[in-house]
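Working through the structure, step by step
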Amino acid sequence: MTIRPILTAPDKRLKLRSNPVDKVDEEIRTLLEDMLETMYQGDGLGLAAIQVGVPKRAIVVDVHAPDDPPTPMKLVNPEILWFSSERMLYEEGCLSFPDFFADVERATEVRVRYLDENGAAQEIEAAETLAVCLQHEVDHLDGKLFVDHLSLVKRGIILRKMAKARRAQAQDA
Ligand code: NI
């Protein structure tokens, strides 16, 4: 397993629409393992392949409580079949926006279809944190970021801060 570098906003690749995976093969399984390792290293709840620069429809999530054992999930070609009409606010972050958090409104429950790491079709229902996380990651596959759910003003503030942090980092280097 390899920890891969994570793209951070405003990297243009984060706005790409990712391509469906034709075949769940060894290359995809290695990618999924690397993504999990990279996500755990960054203390994230989820990661999409495009965040490590691979424009394929693959995501990993793990929303286990800090004291519980890990519950890694690997989803290839995930598709949200149903969103509950009930919605909730959840404070989201993203490994591509280090240190930024904002309340985003999403469906409280979703039903998701995907291929597992063996290429078998699966369907799950998820609620609350897992549901939010799945919606956030599937958004990444369509080039949509959590800040795109915010008002223009809030998004502007975060993106300006990101650009400023990036310039400061460049000066330090
Ligand atoms: Ni994210």
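Criteria and cut-off values
Residues numbered from 1 in each chain as written. Predicted model: local features only at pLDDT ≥ 70, side-chain atom pairs only at ≥ 80, totals over all residues. Heavy atoms only, no water. Core = buried A, V, L, I, M, F, W, Y, C linked by side-chain atoms within 4.5 Å. Buried < 20%, exposed > 50% of the residue type's maximum accessible area, 1.4 Å probe, protein only. Helix = DSSP H or I, 4+ residues; strand = E, 2+ residues; numbered from the N terminus. Contact = heavy atoms within 4.5 Å. Donors = N, O, S within 2.8 Å, 3.2 Å for Na, K, Ca; no water.

Some remarks on the nonpolar core
Judged by nonpolar contacts, the single largest core of 18 residues is most densely connected at Ile59, Val61, Leu75, Val110, Val112 and Leu134. Of all the secondary-structure elements, those providing two or more residues to this core are β2 (58-61), β3 (73-83), β6 (109-115) and α2 (128-141). Top contributing element to this core by residue count: α2, with six residues. Among residues more than four places away in sequence, those in contact with valine 112 are Leu75, Pro78, Glu79, Ile80, Gln122, Glu123, Ile124 and Leu134. Formed by 16 residues, the second largest nonpolar core is a distinct cluster that contains Ile28, Leu32, Met39 and Ala58.

Description of the coordination of the nickel ion
Distances from the nickel ion to its protein donors, Cys94 (SG), His136 (NE2) and His140 (NE2), fall at 2.1 to 2.3 Å. Along the chain, the residues donating to the nickel ion fall in the pattern C-x41-H-x3-H. Highlighted residues: cysteine 94 in the loop between β4 (87-92) and β5 (102-107) and histidine 136 in helix α2, separated in sequence by 42 residues. Of the residues examined, histidine 136 reaches a relative accessible area of 6% and is grouped as buried.

Here we look at the side chain of glutamine 135
The residue glutamine 135 is located in helix α2 in this model. Apart from the residues within four sequence positions on either side, glutamine 135 is in contact with Ile80, Phe83, Arg106, Ala107 and Val110.

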